[in-house]
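Tertiary structure, described
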Amino acid sequence: MTDLTQQEKKQTYHFNKLQKRLRRNVGNAIADFGMIEDGDKVMVCLSGGKDSYTLLDILLNLQQNAPIHFDIVAVNLDQKQPGFPEHILPTYLQEIGVDYKIVQENTYGIVKEKIPEGKTTCSLCSRLRRGILYRTATELGATKIALGHHRDDMLATLFLNMFYGGKMKSMPPKLISDDGKQIVIRPLAYCKEKDIEKYAMAKAFPIIPCNLCGSQPNLQRQVVKEMLNTWDRQYPGRLETMFSAMQNITLSHMCDPSLFDFKGIRHGQSLEGIEGDMAFDEEQIPPMQFEDEDQSDFSHQEMISVKEVS
Ligand code: SF4
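Residues numbered from 1 in each chain as written. Predicted model: local features only at pLDDT ≥ 70, side-chain atom pairs only at ≥ 80, totals over all residues.

Across five bridges, the pairing between strand β1 (residues 41–45) and strand β2 (residues 71–78) is parallel. The residue bridging V44 from the neighbouring strand is A74, located in β2. In this region the chain leaves β1, passes through helix α2 (residues 50–65) and returns to the parallel neighbour β2; the handedness of that crossover is right-handed. As paired elements, β2 and strand β3 (residues 100–104) share five bridges and run parallel to each other. Looking at the pairing, D78 lines up with Q104 of β3. (Pairing = 2+ DSSP bridges. Helix = DSSP H or I, 4+ residues; strand = E, 2+ residues; numbered from the N terminus. Right-handed = clockwise from strand over helix to strand, strands pointing away.)

Put into C-alpha cells, the structure is as follows:
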C-alpha cells in the first residue's frame, strides 16, 4: 500500500513537471513571436490527434491565466473519411465546455475522384483542407488560426527542404496567408514531440486514428523523422542544439547573396551586425546545453493512469 502511494506520488510529480514544461514552452513561443494579442479569437484546428488535443488543452489553461483576454473556438473538419468516428470530438468538446464547430466537407470523395489510384493524395487533400479552414476562420470571425505542429515537425521540415527542395526553410511559428487575410500560428513550436506524446497519453485524450483516408504515409518525412529519432537516441541533446541553430542564424556565414551584401564587403568597413573573421581560426564548438528536463525513466505506461494535479 505504501509502495503504491509512493509510486502514485512519483507519477504525479513527473506529470506536473511535464505539464509545467509544456505550458512554459507554449507561453514562451506565444510571447517570442507575438502569436496572441488582447481581443484575439483563436481558432484551434483539432484533428483528433495527440498534437491538436495537447494544443487545445494548453491554450485553454493559458487562457485562464493570461494577463490578456482572448477567445478560443475549436474547429474540426470532418473530411468524410470512411470509419471516421463522428461522435468522439463533439462528446469531448462538450465535456470540456469549449466553443466548437464541426465542419463537414467530403474532401475524401473529391480526392478519390480526382487522383488516380496509387498516386499520392496528400497535396490536393491539404490544399482543400486549408481553403475550408481559412473560410471557416472568416465565418467565425477568428483572428488567428492555431495549428498543432511542434518542434520536431519544424526540424523534419527543415531537413526535407534541404534534402529534396534545396532550400534552408522550415515551418514558421507564425505566418500570414497568401491573400493577407489569415494569420496562422504554431504555439507548440518549442514543444518536443516526446513530451506531447507523454502528455496525451497521461491525459487519455480520445485519439482518432490518422490513417482513415488509406493514403500512404509520406515516405520522405518518415525517413527524416527516423533519422532525427536515431540522432536523438545516439546523441542526446542534438535535436535541442539543432533547434537552437534555427533560432540563431548568421547570414554573413551562409551563402545567399540576396540576404547578405557580400559584394558590398570593403576594406575597413564597420563590423557592426556582422560576425567577425574566423577564416583562419579553429571552429569553437561550445559544450551542449541541456534544458531543465526530467531525464528519468518515465515511460508511457507509467503515465497512463496519472491524474492531473495542477
Ligand atoms: S494523410 Fe490522408 S487526410 Fe492526411 S493529408 Fe494525406 S490524404 Fe489527407
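Glancing now at the sheet that holds strand β4 (residues 144–146). Pairing in this open sheet of six strands is mixed, and the strands run β3-β2-β1-β4-β6-β5 from one edge to the other. Every interior strand has two partners, whereas the edge strands, β3 and β5 (174–176), have only one. Strand-to-strand, the axes of this sheet are offset by a mean angle of 25°, without reference to chain direction. Contacting β1, β2 and β4, α2 runs over the sheet at an angle of about 155° to β1. Along the sheet, helix α5 (residues 122–140) makes contact with β1, β2, β3 and β4, crossing β2 at roughly 145°. (Axes fitted to C-alpha atoms, helices over the stretch in contact; angles between N-to-C directions. Contact = placed C-beta atoms within 7 Å.)

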